Amino acid sequence: METNSPPSFDNMFSFEQQALDGNTTQKEPLNTFVVDFFAQSVSKYGVDELDKIKEVMSVVNRHTKDSLTEDEWRVYLPNWFVKKCSSEVTSEEADTWMNSWKKLPWKQKTQTNDDWTLLGWLYWLMPENRVWFWHSGTAVSQNELNLKLLVDDFNFASGAFQWLCKCAGLKNIRIVNE
């Protein structure tokens with residue numbers, strides 16, 4: 001019997017881990033949606049960028065429940081990703097930014113181009129805050145990728161995902177099925 005209850009973090013996390021491990025035959029958990037993004041790649045067929053995204057997400061999955069410190073995350077995450085993240089901000093700077101961000105319309109909130117701090121990015125990947133999970137990525141042409149995320153609601157914050165894509169070298173990242 002199908003239920004309308006939201007999928008559990010563990011079910012979505014398990015799906016993501018299998019997807020990262022190359023299992024493409026699994027079914028999505030009940031009450032989830034697949035959201036498509038398109039992005040422009042620099043490498044031929046986006047191979048390098050996809051590998052980088054999967055590399056970061058694999059580390060996150062291995063350590064997401066470990067309560068790591070910032071320094072420990074910096075050791076485990078790929079150096080190329082850590083270097084792209086901006087310096088941490090003071091609580092006053094964060095409050096100022098958050099107050100201005102809260103005043104933005106929803107669409108602008110999801111399209112911010114600001115650089116992310118490592119801790120700010122990790123916040124959205126922790127189990128209690130996590131709203132998206134890796135589904136798949138494929139080349140649709142020599143320089144364009146179709147990236148898929150698994151979500152339980154179409155109104156989700158995709159900024160952390162878009163930051164990961166940008167760090168991996170993708171450009172013109174855009175959601176398709178809004």
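Please read all numbers here as calculations on a predicted model, not as lab measurements.

A. Region of interest: the sheet that holds strand 2 (residues 132–141). A sheet is described by the order of its strands in space; here four strands give the open sequence 2-3-1-4, paired in antiparallel fashion. Edge positions in the sheet fall to strand 2 and strand 4 (171–175), since each of these pairs with one other strand and no more. For this sheet, the mean angle separating the axes of adjacent strands, direction not counted, is 25°. On the sheet, helix 2 (residues 47–63) packs against strand 2 and strand 3 (144–151) and is oriented at approximately 170° with respect to strand 2.

B. Quick look at the pattern of salt bridges. Taken as a whole and assessed by the stated rule, the structure comprises six salt bridges. Two residues, Glu-16 and Arg-130, come together in a salt bridge whose shortest N-O distance is 2.7 Å. Linking Glu-16 in helix 1 (residues 9–20) with Arg-130 in the loop between helix 7 (118–123) and strand 2, this pair joins segments that are 114 residues apart in sequence. Arg-174 is the salt-bridge partner of Glu-144, the closest N and O atoms lying 2.3 Å from each other. Residue Glu-144 is found in strand 3, and its partner Arg-174 is found in strand 4; the two are separated by 30 residues along the sequence. A relative accessible area of 23% means that Glu-144 is categorised as partly exposed. The class of Arg-174 is partly exposed, set by a relative accessible area of 39%.

What counts, and where the lines are drawn
One numbering rule holds for all chains: residues counted from 1, following each sequence as written. This being a predicted model, a pLDDT of at least 70 is required before a residue's local features are given, and a value of 80 or more before pairs of side-chain atoms are given or counted; all residues contribute to the totals for chains, interfaces and linings. Water and hydrogen atoms were dropped before computing side-chain values, which therefore reflect all heavy atoms in the structure. For two strands to be treated as a pair, DSSP must find no fewer than two bridges joining them. Under the scheme used here, helices are H or I runs from DSSP no shorter than 4 residues and strands are E runs no shorter than 2 residues, and both carry numbers assigned from the N terminus. Only C-alpha atoms enter the line fits that serve as axes; for helices the fit covers just the stretch in contact. Angles between N-to-C directions range over 0 to 180 degrees. Any pair of residues with heavy atoms lying within 4.5 Å of one another is described as a contacting pair. Any carboxyl oxygen of Asp or Glu that lies within 4 Å of a side-chain nitrogen of Lys or Arg is treated as forming a salt bridge with it. Each residue gets one of three labels from its accessible area relative to the maximum for its type: buried under 20%, exposed over 50%, partly exposed in between, using a 1.4 Å probe on protein chains only.

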